[in-house]
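Here's the letter readout for the chains.
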Amino acid sequence: MENIREKIDKRDEELEARFLLGMKGKKNIVVVGVNPSTATIDNLDPTSRRIDNYCIKHNFDGWILINLYPQIDKDVEKLHTEKNDDLVRLNLKYIECILKEKEITLVAAWGVSIELRKYLKECLYDIDTIAKKYNHQWHCFELTKYGYPCHPLIRRKGFSIYKTRLVEMDIE
């Protein structure tokens with residue numbers, strides 16, 4: 001039987017925010033980053049390609065990228081200085097639709113970038129509240145030396161996302 005995956009690419013009308021990106025299967029990995037880059041489902045960036053390849057090597061048939069904050073920008077330091085509450089509300093609505101699913105593995109992957117804006121930790125708290133509502137445990141690829149969950153593109157001697165098994169983590 002052929003594996004059929006559903007393409008997901010949810011953005012706002014102005015193309016300034018992305019809420020979901022992925023190839024949804026039956027057993028999905030849901031990776032939480034800080035903010036989306038300019039990737040589209042038909043033009044994946046290095047992060048989304050790496051996650052897609054990770055799924056193939058680790059028996060997931062689908063993946064979905066979500067973010068603490070949905071503003072599209074390749075440079076995380078250019079995020080809004082103050083959060084846009086309307087964007088956050090819409091982001092949480094889409095995230096809840098994904099986290100209602102039972103066959104997902106929730107993976108933290110925001111790295112130290114969560115410290116760049118105060119509101120990013122508030123957004124994480126909101127997402128964690130939804131995750132707890134649906135009894136999802138947090139996982140990560142690995143923790144940085146400062147205790148943050150590694151981003152999939154991390155470059156560190158001896159680290160390879162493809163050789164890494166997910167580990168459970170507590171975000172408290």
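Note: the structure precedes this text.
Residues numbered from 1 in each chain as written. Predicted model: local features only at pLDDT ≥ 70, side-chain atom pairs only at ≥ 80, totals over all residues. Heavy atoms only, no water.

### Things to note about the overall build of the protein chain
Okay, so step 1: If you tally the helices and strands in the protein chain, you get three helices and seven strands.
Okay, so step 2: Ordered by position from N to C terminus, the α and β elements of the protein chain give β-β-β-α-β-α-β-α-β-β.
Okay, so step 3: Relative to the compact-globule value of 16 Å for 172 residues, the protein chain shows a C-alpha radius of gyration of 15 Å, a close match.
Okay, so step 4: Its C-alpha atoms give the protein chain principal-axis dimensions of about 45 × 35 × 30 Å.
Okay, so step 5: In the protein chain, which comprises 172 residues, the proportion classed as buried is 52%.
Okay, so step 6: Carbon together with sulfur atoms contributes 48% to the accessible area of the protein chain, which is approximately 9,800 Å² in total.
Okay, so step 7: Distance between charge centres in the protein chain, computed from 29 positive and 28 negative side chains, equals 6 Å. (Helix = DSSP H or I, 4+ residues; strand = E, 2+ residues; numbered from the N terminus. Rg over C-alpha atoms; globule rule 2.2 N^0.38 Å. Buried < 20%, exposed > 50% of the residue type's maximum accessible area, 1.4 Å probe, protein only. Areas by Shrake-Rupley, 256 points an atom, 1.4 Å probe, with all protein chains shown as cover. Lys, Arg positive; Asp, Glu negative; His and termini not counted. Charge placed at Lys NZ, Arg CZ, Asp CG, Glu CD.)

### Some details on unusual backbone geometry
Okay, so step 1: Positive phi is not limited to glycine here, since Leu15 has a value of about 60°.
Okay, so step 2: Relative to the helices and strands, Leu15 is located in the loop between strand E1 (6–11) and strand E2 (18–24).
Okay, so step 3: With phi around 60°, Asn135 is a residue other than glycine that occupies positive phi space.
Okay, so step 4: Judged by relative accessible area, Asn135 falls into the exposed class, the value being 70%.

### What to know about the pattern of salt bridges
Okay, so step 1: Enumeration over the complete set of coordinates arrives at 10 salt bridges.
Okay, so step 2: Between Lys83 and Asp85 there is a salt bridge; the shortest N-O distance is 3.8 Å.
Okay, so step 3: The class of Lys83 is partly exposed, set by a relative accessible area of 28%.
Okay, so step 4: Sharing partners across several salt bridges, the network here consists of Lys83, Asp85 and Glu122. (Salt bridge = Lys/Arg side-chain N within 4 Å of Asp/Glu carboxyl O.)

### Remarks on helix H1 (residues 46–57)
Okay, so step 1: In a regular helix each residue adds 1.5 Å, so 12 residues correspond to 16 Å; H1 covers 17 Å between its end C-alpha atoms and thus fits that length.
Okay, so step 2: Considered for burial, the residues of H1 that qualify are Thr47, Ser48, Ile51, Asp52, Tyr54 and Cys55. Axial view of H1: buried residues confined to an arc of 160°, hence all on one face. Residues of H1 that are exposed and point more than 90 degrees away from the buried face comprise Ile56 and Lys57.
Okay, so step 3: Looking at the packing, one finds that the buried side of H1 touches E2, strand E3 (28–33) and strand E4 (62–67). (Expected span 1.5 Å × (residues − 1). Arc of directions from axis to C-beta. Contact = heavy atoms within 4.5 Å.)

### Considering the pairing of E2
Okay, so step 1: In terms of residue burial, E2 counts as a mostly covered element, since seven of its seven residues are buried.
Okay, so step 2: Two elements, E2 and E4, share three bridges in a ladder whose sense is antiparallel. The partner of Leu21 across the bridge, within E4, is Leu65. (Pairing = 2+ DSSP bridges.)

### Things to note about the pairing of E4
Note on strand geometry: in a regular strand, side chains alternate between the two faces of the sheet.
Okay, so step 1: For E4, a buried count of six out of six residues is recorded, marking the element as mostly surrounded by other parts of the structure.
Okay, so step 2: Of the two faces of E4, the one lined by Gly62, Ile64 and Ile66 and the one lined by Trp63, Leu65 and Asn67 are each fully buried.
Okay, so step 3: Running through H1, the crossover from E3 to the neighbouring parallel element E4 is right-handed. (Right-handed = clockwise from strand over helix to strand, strands pointing away.)

Purely geometric stuff here, so don't read any function into it on its own.
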